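Structure at a glance
What follows is each chain in one-letter form.
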Amino acid sequence: MTTTSMAGALTTALRDAMAADERVVVYGEDVGPLGGVFRVTDGLQAEFGSDRIWDSPLAESGIVGTAVGMALYGLRPVVEMQFDAFSYPAFEQIVSHVAKMRNRTRGRVGMPLVIRIPCSGDIGGVEHHSDSSEAYWTATPGLTVVTPSNPADAYSMLREAIDSDDPIIFLEPKSRYWMRADVEFPARQTSFDRAHVVREGDDVTLLAYGPTVATALAAADQAAADGLSIEVVDLRSLSPFDDETVGASVRKTSRAAVIHEAAQFGGYGAEVAARVTERNFFHLSAPVLRITGFDVPYPSPKLEEYFLPTAERVLDAIETWQWEAR
Amino acid sequence: MSLNVESSESRTLPTLTPLRLLDNAGHAIRSEDAGGFALPEPEILRDIYRRMVVARRFDVQVTALTRQGRLATYPSAFGQEACEIGAVAALDATDWLFPTYRDSIALLTRGVAPAEILSQFRGDWHSGYDPRAHRIAPLATPLATQALHAVGLGHAARLRRDPIVALTFLGDGATSEGDAHEAFNFAAVWQAPTVFVVQNNQFAISVPLERQTRAATLADKAVGYGMPGYHVDGNDVAAMYAVTRHAVERARNGGGPTLVEGLTYRIEAHTTTDDPTRYRESRDVEHWKRRDPIERLEKYLVSDGLLGDEERSSIADEAEALAADTRRTMNVEADHDPLELFEHVYATRRVALGEQRAFLADERDRAAR
């Protein structure tokens with residue numbers, strides 16, 4: 001058992017994956033001697049050499065586009081987009097090529113590559129450093145989009161992502177990079193197409209992922225003091241979506257709310273609310289709620305506390321159900 | 001034909017006059033007036049001639065089939081045979097090609113079957129051929145994106161110590177795209193074994209070159225990235241072959257990337273749905289028709305006694321046979337199974353896709369009853 005941060009767990013996952021499979025190469029901006037701006041690749045270039053892990057020129061489309069060619073040749077690239085909104089220059093490569101190559105070649109060429117994107121806010125970052133881009137990726141067939149919320153999952157899910165024959169958008173909630181926990185390496189959890197019930201409860205299901213799992217757990221703690229029993233489901237994978245685990249929880253509690261940092265309109269929560277409602281309507285005793293960021297660009301560090309969903313907002317939102325039935 | 005590559009090569013501006021080895025009348029140009037490049041061996045030129053004739057017949061046939069409604073659209077390469085085939089002939093069988101949508105005849109010359117080349121233009125959802133079997137990336141519509149794939153594949157091969165070169169075609173319009181810039185820069189920084197062949201056919205759909213760039217030549221762009229650039233007469237297949245072969249050998253030997261611009265002209269429309277009379281003068285088209293790349297090589301081969309009537313007749317037969325084969329294949333409706341839509345989205349099928357597949361299967365069963 002080792003006490004590790006989530007960033008440290010990701011480093012261990014990369015190290016173990018590179019040691020296990022020489023086809024795994026890692027590149028992006030600053031991943032070499034610096035070890036990444038979040039130190040996730042710390043020490044790896046010294047260990048594996050600059051043919052396995054190297055600094056690329058500063059160009060995100062170039063990073064992903066060259067990874068397409070490397071995967072075509074048989075390597076398994078793990079590339080880093082340095083901060084969420086800097087992934088947008090790579091949008092065309094990801095959407096038109098990474099996601100489509102298997103389909104375009106009738107299954108002959110897969111894209112076993114992992115695109116690591118440090119995502120979401122709450123770190124006092126300036127513009128371009130705090131976006132939640134998941135809805136763009138989950139709207140794209142061919143991509144698998146996952147996000148860990150704790151060190152053990154970070155290790156397990158990154159190993160699984162690198163092992164996968166499909167391209168994975170790997171969203172790393174940077175506000176949780178320094179979250180520490182005891183992890184038994186090599187910790188392998190259930191595969192990421194399964195959501196985890198991280199806290200059991202009877203009255204409400206909170207559906208959270210990445211950075212908002214901690215928010216949901218805090219809300220559940222506070223609600224427990226008032227005698228309200230909240231179940232928290234960590235989705236882990238946003239695409240595919242685990243209808244089974246989520247449905248079982250919602251049918252048990254009959255009330256569901258989804259929490260994310262991204263803007264509400266057209267956001268990922270809309271998909272969650274629609275799916276949950278379509279499949280469980282007659283088990284629901286209240287509409288599915290969304291507790292999200294506002295429909296504005298991600299605000300400056302001085303104002304992000306007003307933007308981010310908090311435990312209090314979650315509790316206020318579920319209060320609107322008014323609880324006549326209890 | 002190997003050249004002494006001087007360290008200053010990458011800083012030398014390409015010549016304003018396109019580099020030629022054969023003039024328009026098919027006369028050989030002295031090596032010292034042709035950048036030091038030598039005329040390829042006769043056997044290579046005879047082989048290239050045969051491929052060009054066959055390719056043109058194919059191109060004309062496919063254009064006709066498109067007008068008959070057998071294909072959704074077709075971007076013709078009529079007039080660009082020297083760029084397409086001169087460049088591809090310079091590759092070894094183990095090298096990779098990253099084509100654009102206009103490069104059907106390059107695929108043909110690398111041995112891909114007509115039906116597989118035309119898969120997407122016929123309206124299918126997949127690229128038809130096996131990229132790894134042919135070492136050709138799938139045809140795709142976005143511009144310049146494939147240049148980065150070529151750089152990545154070349155660099156991966158180099159990391160593996162495999163002597164493989166990746167050649168990618170770009171159009172003149174595509175050089176304005178951000179991905180072209182990123183590909184040039186990544187290739188130069190990584191010294192990736194990549195050859196960029198810019199087919200400057202002078203129009204991006206309707207937009208002429210002078211509205212695309214202020215650079216004196218597109219080959220000039222290479223200099224800023226720290227790689228050599230060559231401005232070549234794209235209707236002189238001997239020059240296209242010789243320069244590309246030099247670039248390929250240089251890349252294979254660890255010399256890094258090269259940009260080769262072939263100055264040519266698109267005789268047909270952008271695609272069969274376009275009306276080129278709205279944006280260019282017929283006298284320009286006539287001027288370029290008189291600079292036909294196949295006729296130029298033919299004049300040279302005939303006058304040097306390298307091509308006789310018998311061989312020409314056998315090449316014509318081969319071209320006709322291919323055209324007939326293409327007609328036959330295209331006149332048979334391809335068999336599409338809608339349920340296959342769900343098969344190749346992910347390596348392992350998702351629950352949700354299984355549900356949607358079942359839905360479509362059920363809908364079709366009910367319609368059939």
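This is a predicted model, so every value here is computed, not measured.

Residues and elements named next belong to chain A. Burial analysis of strand β7 (residues 168-173) places 6 of its 6 residues in the buried class, the great majority of the element. As paired elements, strand β6 (residues 144-146) and β7 share 3 bridges and run parallel to each other. Considered in β7, the bridge of V145 is made with I169. The parallel pair β6 and β7 is bridged by helix α7 (residues 151-163), and the resulting crossover is right-handed.

The next point concerns the sheet that holds strand β5 (residues 114-119) of chain A. Residues and elements named next belong to chain A. If you trace the 7 strands from one edge of the open sheet to the other, you get β3-β2-β4-β5-β7-β6-β12, paired in mixed fashion. The outermost strands of the open sheet, each flanked by one partner alone, are β3 (53-55) and β12 (237-239). The sheet shows a mean angle of 20° between the axes of neighbouring strands, taken without regard to direction. Taken together, the 6 bridges between β5 and β7 define a ladder with parallel strand orientation. Bridge pairing in β7 links R116 to F170. Here helix α1 (residues 6-20) sits on the sheet and contacts β2 (24-28), β3, β4 (76-80), β5 and β7; the angle it forms with β2, its principal contact strand, is near 135°.

Before going further, it helps to examine the layout of surface pockets. Estimates place the volume of the largest pocket at around 1200 Å³. S239 and P240 of chain A together with Y346, R350 and L353 of chain B are, among the 46 residues lining the largest pocket, the residues nearest its centre. Elements with a contribution of two residues or more to the lining of the largest pocket: α6 (134-138), β12, α9 (243-253) and α10 (268-280) of chain A together with α13 (351-368) of chain B. Per-class residue counts for the lining of the largest pocket are 19 nonpolar, 11 polar and 16 charged.

Okay, the UniProt feature "domain: Transketolase-like pyrimidine-binding" (unreviewed entry) in chain A next. UniProt annotation of "domain: Transketolase-like pyrimidine-binding" (unreviewed entry) refers to residues 4-179 of chain A when read in the numbering used here. With 36% helix and 17% strand, residues 4-179 of chain A has its two end C-alpha atoms placed 8 Å apart.

On to the interface of chain A and chain B, then. Taken residue by residue, the interface counts 46 residues in chain A and 46 residues in chain B. Of the roughly 3700 Å² buried between chain A and chain B, counting both surfaces, carbon and sulfur atoms make up 57%. The tally of links between chain A and chain B comes to 3 salt bridges. The partner of R279 of chain A in a salt bridge is E355 of chain B, and the shortest N-O contact between them spans 3.0 Å. The interface formed by chain A and chain B includes 24 residue pairs in polar contact (both at pLDDT 80 or more). Residue assignment for the side of chain A that touches chain B shows that the elements contributing at least two residues are β3, α3 (60-73), α4 (91-98), α5 (101-104) and α10 of chain A. With 12 residues, α3 of chain A is the largest single contributor of residues to the side of chain A that touches chain B. Among the residues making up the side of chain A that touches chain B, the classes are represented as 16 nonpolar, 16 polar and 14 charged.

Among the surface-exposed residues, D226, E312, D316 and E319 of chain A lie close enough to one another that they form a single negatively charged patch. In this fold, E312 of chain A is placed in helix α12 (residues 311-319).

A few words now on the packing of aromatic side chains. This model, assessed by the stated rule, comprises 24 aromatic pairs over all chains. With 5.8 Å between their ring centres and 80° between their planes, W54 of chain A and W190 of chain B make a pair best called edge-to-face. Placement of W54 of chain A in strand β3 and of W190 of chain B in helix α7 (residues 178-190) is noted, with the two residues assigned to different chains. The same class applies to W54 of chain A as to W190 of chain B, namely buried. Seen in terms of ring centroids, Y74 of chain B and F121 of chain B are 6.0 Å apart; in terms of plane orientation they differ by 90°. Their pairing is edge-to-face. Of this pair, Y74 of chain B sits in the loop between α1 (42-67) and α2 (81-89) while F121 of chain B is found in the loop between α4 (114-117) and α5 (131-134), placing the two residues 47 residues apart along the sequence. The pair formed by Y74 of chain B and F121 of chain B is uniform in burial state, with each residue classed as buried. These aromatic residues form a ring-pair network of at least three members: Y27 and W54 of chain A together with F186 and W190 of chain B. The positively charged end of R350 of chain B is found above the aromatic ring belonging to Y346 of chain B, 3.8 Å away from the centroid.

The next thing to look at is α1 of chain A. For α1 of chain A, with 15 residues, the first-to-last C-alpha span of 21 Å sits near the 21 Å given by 1.5 Å per residue. Every buried residue of α1 of chain A is accounted for by M6, A7, A9, L10, T11, T12, A13, L14, A17 and M18 of chain A.

Below, the discussion takes up the packing of α3 of chain A against α7 of chain B. The N-to-C vectors of α3 of chain A and α7 of chain B enclose an angle of 70°; their axes lie 9 Å apart at closest approach. In terms of axis orientation, α3 of chain A runs roughly perpendicular to α7 of chain B. Of the two possible hands of crossing, α3 of chain A and α7 of chain B adopt the one that is right-handed. Two secondary-structure elements touch here, α3 of chain A through E60, S61, G62, I63, T66 and M70 of chain A and α7 of chain B through D179, E182, F186 and W190 of chain B. Looking at side-chain class alone, the contact of α3 of chain A with α7 of chain B contains 4 nonpolar, 3 polar and 3 charged residues.

We now examine unusual backbone geometry. Between F185 of chain A and the following residue, P186 of chain A, the backbone shows a cis peptide bond with an omega angle of -5°. Here P186 of chain A lies in the loop between β8 (180-183) and β9 (196-199). Phi is positive for S120 of chain A, close to 65°, though the residue is something other than glycine. Residue classification places S120 of chain A among the buried residues on the basis of a relative accessible area of 1%. Even without a glycine there, the phi angle at A144 of chain B is positive, about 70°. One can find A144 of chain B in the loop between α5 and α6 (145-159).

Time to look at the nonpolar core. Counting 77 residues, the largest nonpolar core has I115, I169 and L235 of chain A together with F196 of chain B as its most contacted members. Per-element tally for this core: the top contributor is α6 of chain B, with 8 residues. Excluding anything up to four places from it in sequence, I115 of chain A contacts V64, V79, M81, I94, I168, I169 and F170 of chain A. By size, the runner-up hydrophobic cluster in this structure holds 65 residues, among which are A34, V53, A239 and A319 of chain B.

Criteria and thresholds
- Residues numbered from 1 in each chain as written.
- Chains lettered and ligands numbered in written order.
- Predicted model: local features only at pLDDT ≥ 70, side-chain atom pairs only at ≥ 80, totals over all residues.
- Heavy atoms only, no water.
- Buried < 20%, exposed > 50% of the residue type's maximum accessible area, 1.4 Å probe, protein only.
- Helix = DSSP H or I, 4+ residues; strand = E, 2+ residues; numbered from the N terminus.
- Pairing = 2+ DSSP bridges.
- Right-handed = clockwise from strand over helix to strand, strands pointing away.
- Axes fitted to C-alpha atoms, helices over the stretch in contact; angles between N-to-C directions.
- Contact = heavy atoms within 4.5 Å.
- 1 Å grid on protein atoms, 1.4 Å probe; cavity = no way out; pocket = protein on both sides within 12 Å on 5 of 7 lines; lining within 4 Å.
- Points joined across faces, edges and corners; volume = space filled by probe spheres on them.
- Nonpolar A, V, L, I, M, F, W, Y, C, P; charged D, E, K, R; others polar.
- UniProt positions renumbered as here; feature names shortened; annotations may be inferred.
- Buried area = accessible area lost by both parts, 1.4 Å probe.
- Salt bridge = Lys/Arg side-chain N within 4 Å of Asp/Glu carboxyl O.
- Polar contact = N/O pair within 3.5 Å; in protein donor to acceptor, adjacent residues only side chain to side chain.
- Patch = residues over 30% accessible without salt bridge, like charges linked within 9 Å, V, L, I, M, F, W, Y side chains within 5 Å.
- Areas by Shrake-Rupley, 256 points an atom, 1.4 Å probe, with all protein chains shown as cover.
- Lys, Arg positive; Asp, Glu negative; His and termini not counted.
- Charge placed at Lys NZ, Arg CZ, Asp CG, Glu CD.
- Phe/Tyr/Trp six-rings, centres within 6.5 Å; stacked < 30°, edge-to-face > 60°.
- Lys NZ or Arg CZ within 6 Å of the ring centre and 35° of its normal.
- Expected span 1.5 Å × (residues − 1).
- Parallel < 35°, antiparallel > 145°, perpendicular 65-115°, else oblique.
- Left-handed = near helix turned anticlockwise from the far one by under 90°.
- Core = buried A, V, L, I, M, F, W, Y, C linked by side-chain atoms within 4.5 Å.

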